[in-house]
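Overview (structure and organization)
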Amino acid sequence: MLNNPSMKYKVHPSVSLTDRQWPDNVLTRHPRWLSTDLRDGNQALAEPMDSARKMKCWDPTKSRPMIINLPATVEVSMPNVYADQIEHFCRHFSRRQQVCISVHPHNDRGIGIACAELALLAGAERVEGCIHNPSLVSMRITPLNV
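Residues numbered from 1 in each chain as written. Predicted model: local features only at pLDDT ≥ 70, side-chain atom pairs only at ≥ 80, totals over all residues. Heavy atoms only, no water.

1. Concerning helix α3 (residues 112-121)
Among the ten residues in α3, seven count as buried, and that is most of the element. Check the buried side of α3 and you find it contacts α2 (79-92), β3 (99-105) and β4 (126-129). Taken from the residues just after α3, G123 is the one with a positive phi, measuring 130°. (Buried < 20%, exposed > 50% of the residue type's maximum accessible area, 1.4 Å probe, protein only. Helix = DSSP H or I, 4+ residues; strand = E, 2+ residues; numbered from the N terminus. Contact = heavy atoms within 4.5 Å.)

2. What about the pairing of β4?
Residues of β4 alternate between two faces, with R126 and E128 on one and V127 and G129 on the opposite face, all of them buried. Relative to β4, β3 is paired through two bridges, and the arrangement is parallel. Each residue of the ladder has a partner; that of S102, found in β4, is R126. Assessed by its sense of winding, the connection that carries the chain from β3 through α3 to β4 is right-handed. (Pairing = 2+ DSSP bridges. Right-handed = clockwise from strand over helix to strand, strands pointing away.)

3. Side note on the packing of aromatic side chains
Enumeration according to the criterion identifies one aromatic pair in this entry. For the ring pair F89 and F93, a centre distance of 5.1 Å and an interplane angle of 25° mean the geometry is stacked. Note on F93: relative accessible area 26%, which makes it partly exposed. (Phe/Tyr/Trp six-rings, centres within 6.5 Å; stacked < 30°, edge-to-face > 60°.)

4. Quick notes on the pattern of salt bridges
Taken as a whole and judged by the stated rule, the model has five salt bridges. Of the charged contacts in the structure, one is a salt bridge between E125 and R96, with a shortest N-O distance of 3.2 Å. Residue E125 is found in the loop between α3 and β4, and its partner R96 is found in the loop between α2 and β3; the two are separated by 29 residues along the sequence. For E125, a relative accessible area of 25% translates into the label partly exposed. One network of salt bridges, in which partners are shared, links D19, E87 and R91. (Salt bridge = Lys/Arg side-chain N within 4 Å of Asp/Glu carboxyl O.)

Purely spatial values, then, with no claim about function.
Here it is, written out as structure tokens:
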């Protein structure tokens, strides 16, 4: 057991984004949704793909975008900081039009829904969460909540 649990996580520096755009954005459509309890990622394959096979499968285009996941695995930042990180990434990723930004906010501190909604305002297009097992502490994000 930790003698001082408050020291477990370090404070993450915020992104310097003085001209942030996301606070003025309005959600006008629902996000794409991926249920993490149904996903079939590379780790679920009988023979996981090597780098060459992954590159062959993921030649991204605007009509067939590569999915880039930006998780908030352990929430150590406030939702507004997470949104700044998403917006910063979206602005600076060189092939932005050829990717789908997916977020996977957890609910470690009860701010998962806020992280998901602000990430969508900041440019994310897809939210990963749990449909069939919402009792998991770290995955209480469901399509009904967002």
